[in-house]
Amino acid sequence: MAGETIIAVVGNLTADPELRSTKNGRSVAGFTIASTPRTFERQSNQWTDGDALFLRCTVWGDLAEHCARSLAKGMRVIAQGRLTQHSWEDEQHQHRTSMELQVDEIGPSLRYAAAQVVKAQRGTAGAYGNPATSPAGYTGGSTQQTAQLPPSDPWGAPVQQ
């Protein structure tokens, strides 16, 4: 749709994606991405965190099921989608507004991690339920870590040693 605000955000999941189904049986998942700007202070030789942005995200259909099976709390992700605004009136008759990302594409950031990709069968997010198509060692809920990573801070950046 013309005029939509398209953004990309890089950050860490604050919790596991929550998968639900609509009355019509369509899958939908919700999660929050925390994105914290970091700057390196040369004088102190340390990283300084800015104010974190917590962005609520929604994904639909097979993508929702893939997110629920592949992503987990703390994972660093890259998400792209349409920024939407919701307005309502609260119990005190105050006008409230929130922003949400309707995610079109999402995946793990490979900057500080490695991931194994398994192509899902078209139209079936349940490909992981078949042991013949599951990645080696897949136990559900998160991607398999395939490399020993350096120690990191809670937001995924390596700790200087």
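Residues numbered from 1 in each chain as written. Predicted model: local features only at pLDDT ≥ 70, side-chain atom pairs only at ≥ 80, totals over all residues. Heavy atoms only, no water.

Caption draft 1: Looking closely at the overall build of the protein chain. Summing up its helical and strand segments, the protein chain has one helix and eight strands in all. The order of helices and strands in the protein chain, counted from the N terminus, is β-β-β-β-β-β-α-β-β. Relative to its full complement of 161 residues, the protein chain shows a buried share of 29%. Across the protein chain, contacts joining residues at least 24 apart in sequence account for 61% of those joining residues at least 6 apart. (Helix = DSSP H or I, 4+ residues; strand = E, 2+ residues; numbered from the N terminus. Buried < 20%, exposed > 50% of the residue type's maximum accessible area, 1.4 Å probe, protein only. Contact = heavy atoms within 4.5 Å.)

Caption draft 2: View of the pairing of strand E6 (residues 53-60). Relative to E6, strand E3 (residues 27-35) runs antiparallel, the two being bridged by eight bridges. Along E6, the bridge assignment pairs Thr 32 with Arg 56. (Pairing = 2+ DSSP bridges.)

Caption draft 3: Just the side chain of Thr 58, in detail. Relative to the assigned elements, Thr 58 resides in strand E6. Accessibility expressed as a relative area gives 12% for Thr 58, which makes it buried. At 3.1 Å, the side chain of Thr 58 forms a polar contact with the side chain of Glu 100. Residue contacts for Thr 58: discarding those within four places in its chain leaves Val 28, Ala 29, Glu 100, Leu 101, Gln 102 and Val 103. (Polar contact = N/O pair within 3.5 Å; in protein donor to acceptor, adjacent residues only side chain to side chain.)

Caption draft 4: Just the state of the cysteines, in detail. The full count for this structure, using the stated rule, is zero disulfides. Sulfur of Cys 57: no disulfide; nearest cysteine sulfur belongs to Cys 67 and is 9.2 Å away. A relative accessible area of 0% places Cys 57 in the buried class. Judged by its relative accessible area of 2%, Cys 67 falls in the buried class. (Disulfide = S-S within 2.5 Å.)

Caption draft 5: Representation of the nonpolar core within the structure. With 18 residues, the main nonpolar core has Phe 31, Ile 33, Val 103 and Ile 106 as its most contacted residues. Within the residue set of this core, elements represented by two or more residues are strand E1 (5-13), E3, E6, helix H1 (61-70), strand E7 (76-89) and strand E8 (95-108). Leaving out residues up to four positions away in the same chain, Ile 33 has contacts with Val 9, Gly 11, Asn 12, Leu 13, Leu 53, Phe 54, Leu 55, Cys 57, Val 77 and Ala 79. (Core = buried A, V, L, I, M, F, W, Y, C linked by side-chain atoms within 4.5 Å.)

Caption draft 6: Local environment of the pattern of salt bridges. Tallied over the entire structure, the rule returns five salt bridges. Between Arg 82 and Glu 4 there is a salt bridge, with its nearest N and O atoms 4.0 Å apart. You can see Arg 82 sitting in strand E7 and its partner Glu 4 sitting in the segment before E1, a full 78 residues away along the chain. Salt-bridge contacts for Glu 65 lead to Arg 69; the nearest nitrogen and oxygen are separated by 3.5 Å. Linking Glu 65 with Arg 69, this pair stays in helix H1, spanning four residues, or about one helical turn. Look at Arg 69 and you get partly exposed, because its relative accessible area is 25%. (Salt bridge = Lys/Arg side-chain N within 4 Å of Asp/Glu carboxyl O.)

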